[in-house]
Amino acid sequence: MRIKKIELIHVRLPLNEPFEISSGVIYEKDCIIVKIHTDDFIGVGESSPMAAPFYSSETIGTCMHVLKDFLIPKLIGKKINQSEVIDKIFTDIRGNNFAKAGVETALWDLFSKRENIPLFKFIGGQDKKIPWKVSIGIKPSIDDLLKTVEKFLNYGSRSIKIKIKKGWDIEPIKKIRENFGNIDLTVDANSFYTLEDIRIFEEIDNYKLTQIEQPLHYRDLYDHYILQNKISTPICLDESIDSLTNCKNALDIGCCKIINIKIQ
């Protein structure tokens, strides 16, 4: 399929309520819709960075720049017949995975339409039920948190994840366990802590969580190894896993037991 045109559409969605994590508060969700046009189909993908560089180094502004000035010029007029080719086309552009993901997902959509099969089948998925997990931001009070947890459990969520930071960690976990028992419970620190906080994690270890997500700095694989060997709760890495190499290193070293994989 020969690529004729690529559109970029900046979408800003206001949230029903603010979503707070350890590094800041989010009031609206930005994304860039990428539309790739060929003679026969239009593929739609999404580049979905945060508005500010506190989760990733990429933002809406950087993604727009990289897409317009580097990625799209490499694609216009080019004939692409399989999605795997995209890595070779972009091989000289380092990083910028959020921007690249917008193009890649649009190409997946194109190829699934060409093959006339659902996208999940095109990328190797199976038709099965997947339990959904809700992620709950830092709340103004424990009461607000407990009401939110109860609401989502009543909606049918089988798993709860809450954001934590210093001063909002042990008590929220304790109260959720007291009120809702042995539910599937995860906490996510978004890289907020250091090894100096190891006593906090030793106390969290008593609450039998499903996992502790990204407790330490995203560059500190070795520190995660030290922490994982001090606690029994599985550590899940997220921000740290920005490449296949980092994924392999994290698992080989033993600094986590679970990986949270995002498309970008």
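The structure displayed is predicted, hence computed values, not measured ones.

Asks: Is there a simple way to think about the pairing of strand 4 (residues 133–136) in this case?
Replies: Two faces, one strand: in a regular strand the side chains alternate between the faces of the sheet. Here strand 4 shows a clear split, with Val134 and Ile136 buried on one side and none of Lys133 and Ser135 buried on the other. Judged from the four bridges that link them, strand 4 and strand 5 (residues 159–163) form a sheet pairing that is parallel. Each residue of the ladder has a partner; that of Lys133, found in strand 5, is Ser159. Crossover connection from strand 4 via helix 5 (residues 142–155) to parallel strand 5: handedness right-handed.

Asks: Help me understand the packing of helix 1 (residues 60–75) against helix 3 (residues 97–115), please; the structure alone is not making it clear to me.
Replies: Describing two packed helices takes the angle between their axes plus the distance from one axis to the other. Where helix 1 meets helix 3, the closest approach of the two axes is 9 Å, and the angle between their N-to-C directions is 50°. In this view, helix 1 runs oblique relative to helix 3, as classed from their interaxial angle. The element helix 1 and its partner helix 3 pack so that their crossing is right-handed. Mapping the contact onto sequence places Cys63, Val66, Leu67, Leu71 and Leu75 in helix 1 and Phe98, Ala99, Lys100 and Val103 in helix 3. A class-by-class count of the residues in the contact of helix 1 with helix 3 yields eight nonpolar, no polar and one charged.

Asks: Can you help me understand helix 1 in this one?
Replies: Because an α-helix packs 3.6 residues into every turn, residues spaced three or four apart end up facing the same way. When the local axis directions of helix 1 are compared, the greatest deviation, roughly 45°, occurs at Leu67. Listed in full, the buried residues belonging to helix 1 are Ile60, Cys63, Met64, Val66, Leu67, Leu71, Ile72 and Leu75. On its buried face, helix 1 is in contact with strand 1 (5–21), strand 2 (24–37), strand 3 (42–47), helix 2 (85–89) and helix 3. Just beyond helix 1, the residue with positive phi is Gly77, at close to 85°.

Asks: Help me out: how do you make sense of the sheet that holds strand 5 in this one?
Replies: Consider a sheet: its strands pair through backbone hydrogen bonds, and that pairing is either parallel or antiparallel. Reading across the sheet, the six strands line up as 4-5-6-7-8-9 and stay open at both edges, with parallel pairing between neighbours. Bordering the open sheet on either side are strand 4 and strand 9 (258–259), each of which pairs with just one other strand. Relative to strand 6 (residues 184–188), strand 5 is paired through five bridges, and the arrangement is parallel. Looking at strand 6, one finds that Ile160 is bridged to Leu185. Docked against the sheet, helix 5 engages strand 4 and strand 5, running at close to 165° with respect to strand 4.

Asks: What is the right way to look at the pattern of salt bridges in this model?
Replies: In a structure, side chains of opposite charge can pair up when their charged atoms sit close to one another. Applying the stated criterion across every chain, the model contains 18 salt bridges. For Arg12, the salt bridge identified is with Glu28, shortest N-O distance 3.2 Å. One end of the pair, Arg12, is in strand 1; the other, Glu28, is in strand 2, with 16 residues separating them in the sequence. Overall, Arg12 belongs to the partly exposed group, its relative accessible area being 48%. According to the relative accessible area criterion, Glu28 is partly exposed, its value standing at 35%. Of the charged contacts in the structure, one is a salt bridge between Lys166 and Asp197, with a shortest N-O distance of 3.4 Å. Of the two residues, Lys166 sits in the loop between strand 5 and helix 6 (170–180) while Asp197 sits in the loop between strand 6 and helix 7 (198–204), which places them 31 residues apart along the sequence. By relative accessible area, Lys166 is classed as partly exposed at 43%. Given a relative accessible area of 10%, Asp197 falls into the buried group.

Definitions and cut-offs
- Residues numbered from 1 in each chain as written.
- Predicted model: local features only at pLDDT ≥ 70, side-chain atom pairs only at ≥ 80, totals over all residues.
- Heavy atoms only, no water.
- Buried < 20%, exposed > 50% of the residue type's maximum accessible area, 1.4 Å probe, protein only.
- Helix = DSSP H or I, 4+ residues; strand = E, 2+ residues; numbered from the N terminus.
- Pairing = 2+ DSSP bridges.
- Right-handed = clockwise from strand over helix to strand, strands pointing away.
- Axes fitted to C-alpha atoms, helices over the stretch in contact; angles between N-to-C directions.
- Parallel < 35°, antiparallel > 145°, perpendicular 65-115°, else oblique.
- Left-handed = near helix turned anticlockwise from the far one by under 90°.
- Contact = heavy atoms within 4.5 Å.
- Nonpolar A, V, L, I, M, F, W, Y, C, P; charged D, E, K, R; others polar.
- Bend = angle between axes of the 7 residues up to and from the residue.
- Salt bridge = Lys/Arg side-chain N within 4 Å of Asp/Glu carboxyl O.

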